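This is what each chain is made of:
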Amino acid sequence: MARSDPGKRLFRLLFWMVAILIPAAVSGALPRGVGQFVFNDPETGREIACWYVLADSYERSDPPVIVFHGMKRNPDDYRDSWIEDAERFGLFVVVPYFSEEDYPGTSGYNLGNLFSSESDRTRKPESVSSFRIPEVVFDHLSSSDGETEAAGYMVFGHSAGAQFVHRMIALHPDPRLRLAIAANAGWYTYPNVTDDWPYGFRGTGLTEADLPPLLGANLVILLGDQDIDETQDNLRRTPEAMLQGRHRFERGHRFFQVGQAQAACMGVPFGWRIQVVPGVAHDQGGMAPVAAALMAEAIRGDRAGHSCEAGD
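Summarised in this report is the structure supplied together with it. (Residues numbered from 1 in each chain as written. Predicted model: local features only at pLDDT ≥ 70, side-chain atom pairs only at ≥ 80, totals over all residues. Heavy atoms only, no water.)

## Thoughts on helix α8 (residues 248-266)
Here is step 1: Look at α8: 27 Å from first C-alpha to last across 19 residues, which is about the 27 Å you get at 1.5 Å a residue.
Here is step 2: For α8, the secondary structure elements touched by its buried residues are α5 (160-171), α6 (211-215), β7 (219-224), α7 (239-243) and β8 (273-277).
Here is step 3: Gly 267, located one to two residues past α8, shows a positive phi value of around 70 degrees. (Helix = DSSP H or I, 4+ residues; strand = E, 2+ residues; numbered from the N terminus. Expected span 1.5 Å × (residues − 1). Contact = heavy atoms within 4.5 Å.)

If you want it as structure tokens, here you go:
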């Protein structure tokens with residue numbers, strides 16, 4: 001469901017021209033439009049490269065959107081998919097790059113870089129976990145020379161990025177996270193401590209007492225109703241994954257149902273929502289406009305709430 005009509009291609013071309021003419025920012029206020037910036041993780045010293053689009057109408061009090069790429073590790077493509085909608089809704093979208101060198105394979109990226117591998121449960125230092133990166137990026141954006149004054153941020157991930165998002169909420173919670181959207185994940189870690197990691201949280205150090213914040217999180221499971229290819233090369237087919245469903249669309253529904261049942265069983269609030277995007281298969285470009293609209297809706301709600309508080 002690619003948006004490739006001539007007017008939109010021209011729109012994207014103009015933004016690329018701006019990005020070429022304006023040098024990439026390393027520190028200080030970012031130029032409006034599109035670009036890149038690089039900064040060092042203050043704890044590890046690693047470089048974190050980010051691609052961004054900063055809308056002309058972005059208000060500094062609004063939460064920025066941090067987007068997580070898939071296994072192709074193509075942050076530039078993900079950023080480009082958000083350009084038009086970022087301008088339309090006045091968003092500040094940042095896509096950090098998770099290199100294969102620093103975050104190797106599935107274990108290094110979308111499983112958080114917690115262990116040496118799926119089979120080797122040697123725990124790595126918390127400082128190298130990929131799940132830290134969202135809060136590190138937000139801290140940088142909120143610094144004295146940063147671009148936002150917001151109290152929190154929102155996240156979106158597609159495919160491997162969606163796997164990253166739902167696990168991050170459980171294993172590296174950040175109270176500043178306002179809204180999380182996980183789109184078209186290939187498989188999931190169920191919200192329990194009875195199934196072994198990575199299909200459940202057993203072995204990660206989480207206990208049942210850690211599950212309510214995950215189950216109560218403002219999490220949207222976003223699913224393309226055409227993401228039903230059972231033969232796609234990248235679709236995980238382990239016995240555990242196949243128990244979750246035949247394809248991504250089915251697995252997403254099953255994950256939501258398991259979460260709902262777990263919350264009911266524990267008697268705790270359930271904050272997840274599920275939304276289906278008609279006509280879209282495994283295409284982050286087709287999911288981004290819906291995610292952007294959900295982000296904009298959340299921002300409008302925040303503004304209305306603040307306005308009421310001011311009036312009171």
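## Digging into the layout of surface pockets
Where empty space is left in the structure can be found by rolling a water-sized probe over the atoms.
Here is step 1: Here the largest pocket is characterised by a volume of approximately 570 Å³.
Here is step 2: Surrounding the largest pocket, 25 residues form its lining, Gly 70, Met 71, Ser 159, Asn 234 and His 282 being those nearest its centre.
Here is step 3: Of all the elements in the fold, those that place two or more residues in the lining of the largest pocket are α3 (105-108), α5 and α9 (284-311).
Here is step 4: A per-class count over the lining of the largest pocket returns five nonpolar, 14 polar and six charged. (1 Å grid on protein atoms, 1.4 Å probe; cavity = no way out; pocket = protein on both sides within 12 Å on 5 of 7 lines; lining within 4 Å. Points joined across faces, edges and corners; volume = space filled by probe spheres on them. Nonpolar A, V, L, I, M, F, W, Y, C, P; charged D, E, K, R; others polar.)

## So, the sheet that holds β8
Here is step 1: Sheet architecture is open: eight strands sit in the order β1-β2-β4-β3-β5-β6-β7-β8, paired in mixed fashion. Single-partner strands in this sheet number two, and they are β1 (33-40) and β8. Strand after strand, the sheet turns through a mean of 20 degrees between neighbouring axes, direction not considered.
Here is step 2: Where strand β3 (residues 65-68) meets strand β4 (residues 92-96), two bridges bridge the pair, whose relative direction is parallel. When the sheet's bridge partners are listed, Ile 66 is paired in β4 with Val 94. (Pairing = 2+ DSSP bridges. Axes fitted to C-alpha atoms, helices over the stretch in contact; angles between N-to-C directions.)

## Let's talk about α5
Here is step 1: Between the first and last C-alpha of α5 there are 16 Å, a value that for twelve residues agrees with the 16 Å anticipated at 1.5 Å per step.
Here is step 2: Along α5, the residues classified as buried are Ala 160, Gly 161, Ala 162, Gln 163, Phe 164, Val 165, His 166, Arg 167, Met 168, Ile 169, Ala 170 and Leu 171. (Buried < 20%, exposed > 50% of the residue type's maximum accessible area, 1.4 Å probe, protein only.)

## Some words on the packing of aromatic side chains
Here is step 1: Counted by the stated rule, this structure contains 22 aromatic pairs.
Here is step 2: Plain terms: the ring middles of Phe 115 and Trp 197 are 6.5 Å apart, the flat faces sit at 55 degrees to each other, and that makes the pair tilted. With Phe 115 in the loop between α3 and α4 (133-141) and Trp 197 in the loop between β6 (177-183) and α6, this pair connects stretches of sequence that are 82 residues apart. Just as Phe 115 is buried, Trp 197 falls in that class too. (Phe/Tyr/Trp six-rings, centres within 6.5 Å; stacked < 30°, edge-to-face > 60°.)

So, to be careful, I would describe these as geometric facts and stop short of saying anything about function.
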